[in-house]
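Listed here are the chains, written in short residue letters.
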Amino acid sequence: MSQGVLLHIEDSHVVMDNGILQVKLSNPDGIVTEIKYNGIDNLLDGLDEEVNRGYWDLVWSEAGSTGTTGTFDVIKGTSFRVIVESEEQLEISFTRLWDPSLQGKQVSLNIDKRFIMLRNSSGFYTYAIYEHLKEWPPFNLPQTRIVFKLRKDKFHYMAVADNRQRYMPLPDDRLPERGEPLATPEAVLLVNPVEPEFKGEVDDKYQYSCENKDLRVHGWICKDPTVGFWQITPSSEFRSGGLSKQNLTSHVGPYNLAMFLSAHYAGEDLVLKLKPNEPWKKVFGPIFMYLNSVSDENDPLRLWEDAKNQMMIEVESWPYNFPASEDFPPADQRGSVNGKLQIRDRYLSDQCISASYAYVGLAPPGDVGSWQRECKGYQFWATADADGYFSIKNIRCGSYNLYAWVPGVIGDYQHDVFITITAGGDIDLGGLVFEPPRDGPTLWEIGIPDRSAAEFYIPDPDPKYINKLYVNHPDRFRQYGLWERYADLYPDKDLVYTVGVSDYRKDWFFAQVTRKLSDDTYQGTTWQIKFELDLVNTNGSYTLRLALATAHISELQVRVNDPKTSPPLFSTGVIGHDNTIARHGIHGLYRLYNVEVPFTQLVDGNNTIFLTQTMASGDAPALQGIMYDYIRFEGPSSTNSKKQTGFV
């Protein structure tokens, strides 16, 4: 008979113990100070202060402030209570209530941190309920997360995905005497690392970022004894920004993070901003901190395979039936939605086309595509099958819009009817039809409409700035400093792309960045697309569709056949704070612009479209720019209908 779950209450700590592991937390702070497992007295960094070992934190700022920074706050409870205590399960709570006398010094939230341990379970769960009452002062919340700092003498091997795992440098290697800081604080060149094998490599936590939809298990392996520490997130329903939002994972420290709300790869659009008299409540988690071990020290990677298996078990168990909070609804208090999505594009087919492998989701009501900026509520996503059939399960009760986007198809779908989910309800939407933006036949196109710039030319990194993991890797864009390679490849003149001759995989640089001049200043760049029109169609306007994968403090101007036209035919205005270039991403927020090109601006024969990114000033002009997702040029509609220039 296995040991039941025990709770030991000490003077300033409590210990959860199920015989497999023991988890010690400070009382009443609710900071995880010690995790004892498999003969290791503490998996966490016992040399650091208790408050820095395993904790929930947030960043907040006053309502009306701008930007993505604020006051950093490690969330410490002020009262401890036992919620459930039995041999099968233990759930404990550390609560911090809003104190009006602390207005301006503390965020106006009630926060209830919960920790759960089950019998025979090799790990523990944690979740938290954040609540803001409408009469309290509003605030901005740029970030909230969970952090675990592990022992640097034990955990040296990190795994984020099957093809993203490696031995990692030590935190000491990032210190000034061993590392050379690069263009951003996070990026350090390892000049004199403790282990010589890392010499000459770049370390940057953003090189290990991951999209929410793929971010379900990551962690660290210790080889003596062979132990794994893993964070398993079985659902993304409580993460901001939807399925393609990118978040940090694990990085040198050794750190293991659970990011719930962040502005990374998005900017201020993903800062949660409460208005006056706006109530808000949200449950973050539960997530599972999973520990495993193997007796064969020669095969530590079995721990990763086992962690993936455990992740699938957790996913299949979602939503969990054991959390005690009434704010976390179990499966029978949730609903589901299913249907079939098709695409109608008369220039591709007379018939509707299946929306194969579409991403279909429910998110709070908003505008077309607003889900990628949504950060107050919950989102529920599924992938359609090859025929466009989708089924979204375990949806919390409430009112939603249904959104979708389809790999290979430009634009966003939004169902025009609110969907109300009730407990046990199963809604069949039947057939839905997405009509993507289209005015006329495709005359030419560049790239693939998949919200990423990964298909374009990604250069080799400067040999001085290598991360060995990403050599000959599909994610080669994660190497440091690729923005600097543009001037190496185009030292005197900017990129020129000739339709029908050029190949976007080789001839379209993945990011339209600034150019560094000899006096160390920067200037914007103008790319050209050259194409032929045998005979200009004078029956209507042409349409240029510009789908951007990301933008950072940029202005994109469009001109046709005259690079000096003032004003330009079209300008986006200054857009974006995604910071994707600096953070080695390949996409941020998706933006689609539809530009009407009057036939009077075109000529029979050779034509040129000039794309100018004008912005090249600020704190880090080298990191400004845009990435394109896809560009399409359409002829006039056969029905001669017109489309407004502008932003979708």
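From a predicted model like this one, the values you see are computed outputs, not experimental measurements. (Residues numbered from 1 in each chain as written. Predicted model: local features only at pLDDT ≥ 70, side-chain atom pairs only at ≥ 80, totals over all residues. Heavy atoms only, no water.)

Asks: Even after reading the chapter, I still don't get the pattern of salt bridges, so can you show me in this structure?
Replies: Where charged atoms of side chains with opposite charge meet at close range, the side chains can pair. Taken as a whole, this structure holds 40 salt bridges when the rule is applied. Across the pair Glu-88 and Arg-119 runs a salt bridge whose closest N-O atoms are separated by 2.8 Å. Taken together, the residues span a long stretch of sequence, with Glu-88 in the loop between β7 (79–85) and β8 (89–96) and Arg-119 in the loop between β9 (110–118) and β10 (123–132) at a distance of 31 residues. Arg-119 sits in the buried class, given a relative accessible area of 12%. A salt bridge links Asp-503 to Arg-505; the shortest N-O distance between them is 3.1 Å. Under the relative-accessibility criterion, Asp-503 is labelled buried at 19%. Here the salt bridges share partners, and the residues they tie into one network are Arg-81, Glu-91, Asp-112 and Arg-114. (Salt bridge = Lys/Arg side-chain N within 4 Å of Asp/Glu carboxyl O. Helix = DSSP H or I, 4+ residues; strand = E, 2+ residues; numbered from the N terminus. Buried < 20%, exposed > 50% of the residue type's maximum accessible area, 1.4 Å probe, protein only.)

Asks: Explanation requested: the sheet that holds strand β16 (residues 202–203) in the structure shown.
Replies: Two orientations exist for strands paired in a sheet by backbone hydrogen bonds: parallel and antiparallel. If you trace the three strands from one edge of the open sheet to the other, you get β14-β15-β16, paired in antiparallel fashion. Every other strand in the sheet has two partners, leaving β14 (179–181) and β16 as the edge strands with one partner each. Across two bridges, strand β15 (residues 188–190) lies against β16 in antiparallel orientation. Looking at the pairing, Val-188 lines up with Asp-203 of β16. (Pairing = 2+ DSSP bridges.)

Asks: Can you walk me through helix α1 (residues 302–316) in this structure?
Replies: One turn of an α-helix holds 3.6 residues; hence residues three or four places apart share an orientation. Between its first and last C-alpha atoms α1 spans 21 Å; for 15 residues at 1.5 Å apiece the expected length is 21 Å, and the two agree. Residues Leu-303, Trp-304, Ala-307, Lys-308, Gln-310, Met-311, Glu-314 and Val-315 constitute the buried set of α1. Looking down the long axis of α1, one finds its buried residues gathered within 165° of arc, a one-sided arrangement. Structurally, α1 contributes buried residues whose contacts are with β10, β12 (155–161), β13 (164–167), β18 (217–223), β19 (226–232) and β24 (280–293). (Expected span 1.5 Å × (residues − 1). Arc of directions from axis to C-beta. Contact = heavy atoms within 4.5 Å.)

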